[in-house]
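# Understanding the architecture of this molecule
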There are 2 protein chains.
Amino acid sequence: MHSQAEENYLKAIYSLQNNPRQEVSTTAMADKMQTNASSVTEMFRKLAGKDLVHYRKYRGVQLTRQGKTMAISMVRKHRLWETFLVEKLNFSWEEVHDIAEQLEHIQSEVLTDRLEHFLGYPKYDPHGDPIPSSKGELLKVKGKRLTELKIEEEGVLINVKDSSEEFLKYLNKKNLGLGDRIKVIAIEPFDKSIKIDNNTQEHVISEQIAKNLYLK
Amino acid sequence: MHSQAEENYLKAIYSLQNNPRQEVSTTAMADKMQTNASSVTEMFRKLAGKDLVHYRKYRGVQLTRQGKTMAISMVRKHRLWETFLVEKLNFSWEEVHDIAEQLEHIQSEVLTDRLEHFLGYPKYDPHGDPIPSSKGELLKVKGKRLTELKIEEEGVLINVKDSSEEFLKYLNKKNLGLGDRIKVIAIEPFDKSIKIDNNTQEHVISEQIAKNLYLK
DNA sequence: CTTAATTTTTAGACAAGCCAAAATAAATAT
DNA sequence: ATATTTATTTTGGCTTGTCTAAAAATTAAG
C-alpha cells in the first residue's frame, strides 16, 4: 500500500517529466510540491526503495514502469472525479480541482471502473485533458496553442493547460469555455498579446494566458 | 481542521454513546478502534484540548456540542456515499462500507450537499439507517427487533444494525433484504433461534442474527 | 475493609513526513 | 583551472499517531 504523500509525489513527478528519459530535479519537485528540498530528497529515497523511481544522487528521479503505472492511475482517478463533479453534481470547472485532489486517493479499483462506466466512458475531463483508460492508455490531445495561430486563423478551444481556480475564473469572466470558436484578430508585436473574437465578443489576452489555451 | 484519526475517533465515540450523558471508556474505544488503550488515552486528551469531548481521567469521554456536530457530519457523509455507491454505481449493500469509510473524510460541505441533492434527499441509507440532514437532524428508526416478535407475528425488514460484509453476505445467502415481509413461524426456547417465513422460503436464524434485524 | 483483579494513564520508542541549518557536490563565471 | 554560486544531501529536531511495558487508580472479591 502507498501513502497519500507517495501518491502525490508520483503524480507530480509524472507531470514534471516531459519525456520518460528526463530526470526530475529535487528543486523542481520542492517547488511543485510547495515543500522543502530536504523533504523531497527523503521521499525520493523512499520511492526508490519501493522501486517506483530510479534515483541518482544529485541527478534526480525518473519513474519506473511501476511508478508510471501508479501515476497514471492517479491522473485517471483525478480526471474521472472531476468529470463526475461537473457532469453529475453541477460544479463548474474552476471548483473541482481541490475536491478531486482528495477523491483521487480513494483506494478501490472497482470504484474507479464503476465510476467510469457510470459517466459513460468519457474521453476528456472538464478541462479537455484526456482520461487514461483502466489499462493506462492515454490519448494525446492534438490541439495547437493559441500562440501558434496567425492573424485571421481560427479554431475551437478544446483544452486548457491550467486548472487553477484563478485562471479558470479569468476565462469565465471573458466568457471563454471549451468548444468555443476563437479567431485571431490581431497580434501585438510588442508583448505578443492577442486580440481574439469569440463569435460574440472581442478580447485582448496576454501571451501568458494564450499559452494555456489549446485549439483544434 | 481535523485529521482523519480525529474524525474516526469522534464517529466511534458517537456510536458507542447510547445516550449523550453516558461516558465512553478507554477500553471500549480501544476495542472499537482496534487499537491500544494508551493510544486512546492520548487521543482523548487531544480531543479534549480541542473541545470536542469532555474528558475525565479514568472516567471516559462524552462528546461536546461541537464534537457531536462533527460526528453527525461524518455519519451523514458516510451514509450519503453508501447510498451513492448502491443507487448510482450498482454496488451491493455488503460492498460499500469500506469505500464509504474513506469517502467520508473528503472535506467539502458543498460536495456533501450537492451529493445529497443529486441522490434526491434520501432518508435512509442502503442498510436502513437514517441519513442526518445538513443541519444535523436525525430521524429515529422506529422499528422493533425481530427478537421481540411472537409466533405468527410479522413485519417488514427496514433496518439492519450490522453493516459488515460477513453479516450482509449471510443475509444475501438467505435471500433476506430490506423491504422483505417476514413472519415468525416458531421460536426454539432452548437457544432462542427463530424460524421465519420470508414469503417464499423458510429459514432458521440464530438469536444473534435476529437481534440485528429491525422490522416495522 | 483490605487484597486482588481490572482499567487507565504514563513513560519511552518508533515510523512517516516535514522543516531549518550545515555540509557537500555540481554548475557557472572569471 | 580555480573561485564562486547554486543545487542537493545530511543532520538533527519536531509533530502526529502508534505501540509496549510499567505505574497508578479504580473496581470487585473475599
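Above this note sits the structure.
These notes cover the structure that comes with them. (Residues numbered from 1 in each chain as written. Chains lettered and ligands numbered in written order. Predicted model: local features only at pLDDT ≥ 70, side-chain atom pairs only at ≥ 80, totals over all residues. Heavy atoms only, no water.)

## A short note on the protein's contact with DNA strand D
For clarity, the threshold we go by: The cutoff for a nearby residue is simple: one of its non-hydrogen atoms must lie within 4 Å of the molecule or strand. In the analysis that follows, any N or O atom pair within 3.5 Å is treated as a polar contact, provided that within protein one partner can donate a hydrogen and the other can accept it, and provided that, for residues neighboring in sequence, both atoms belong to side chains. Ten residue types, Ala, Val, Leu, Ile, Met, Phe, Trp, Tyr, Cys and Pro, are classed as nonpolar, four, Asp, Glu, Lys and Arg, as charged, and the remainder, Gly among them, as polar.
Taken together, 21 residues form the shell around DNA strand D, and within it A:Thr27, A:Tyr55, B:Ser3, B:Thr35 and B:Lys46 come nearest. Restricting the count to atoms of DNA strand D within 4 Å of the protein gives a sugar and phosphate share of 77%. Separating a phosphate oxygen of DNA strand D from a side-chain N or O atom of A:Thr41 is a distance of 2.9 Å. In the model, a phosphate oxygen of DNA strand D is placed 2.9 Å from a nitrogen or oxygen of the A:Tyr58 main chain. Residue classes in the surface near DNA strand D are distributed as six nonpolar, 10 polar and five charged.

## Points about the relation of the copies chain A and chain B
For the record, the criterion: The least-squares superposition of copies is restricted to C-alpha atoms, and to residues with a pLDDT of at least 70 in both copies. Note on contacts: a residue pair is in contact if any heavy atoms of the two residues lie within 4.5 Å.
Superposition record for chain A on chain B: RMSD 0.0 Å, screw rotation 180°, translation along axis 0.0 Å. A rotation of that kind, with that shift, is consistent with a two-fold axis. Of every C-alpha in chain A, the one belonging to A:Leu103 sits nearest the axis of rotation, 3.7 Å from it. Comparing interface residues between copies, 100% of those in chain A also lie at the interface in chain B; the contact surface is shared.

## Things to note about the pairing of strand β1 (residues 53-56) of chain A
Residue and element names in this part refer to chain A. Here is the rule we go by: Pairing between strands requires that DSSP locate at least two bridges from one strand to the other. Numbering goes from the N terminus for both helices and strands, where a helix is a DSSP run of H or I of at least four residues and a strand is a run of E of at least two.
As defined by bridge partners, β1 adjoins strand β2 (residues 60-63) across four bridges and the pair is classed as antiparallel. Along β2, the bridge assignment pairs Tyr55 with Val61. Following β1, the chain reverses through three residues before pairing antiparallel with β2; Tyr58 in that reversal takes a positive phi of roughly 65°.

## Considerations on the sheet that holds strand β8 (residues 213-215) of chain B
Residues and elements named next belong to chain B. Reading across the sheet, the six strands line up as β3-β8-β4-β5-β6-β7 and stay open at both edges, with antiparallel pairing between neighbours. Every interior strand has two partners, whereas the edge strands, β3 (144-145) and β7 (202-205), have only one. Here three bridges tie strand β4 (residues 154-160) to β8, and the two strands are oriented antiparallel to one another. Note on β8: the bridge partner recorded for Leu157 is Leu215.

## Thoughts on the protein's contact with DNA strand C
Around DNA strand C there are 22 residues in total, and A:Ser3, A:Thr35, A:Lys46, B:Thr27 and B:Tyr55 lie nearest to it. Close to the protein, within 4 Å, the atoms of DNA strand C belong to sugar or phosphate groups at a rate of 77%. Between B:Lys57 and DNA strand C, the recorded distance is 2.7 Å, taken from a side-chain N or O atom to a phosphate oxygen. Of all the secondary-structure elements, those providing two or more residues to the surface near DNA strand C are α1 (4-16) and α3 (37-49) of chain A together with α2 (26-33) and α3 (37-49) of chain B.

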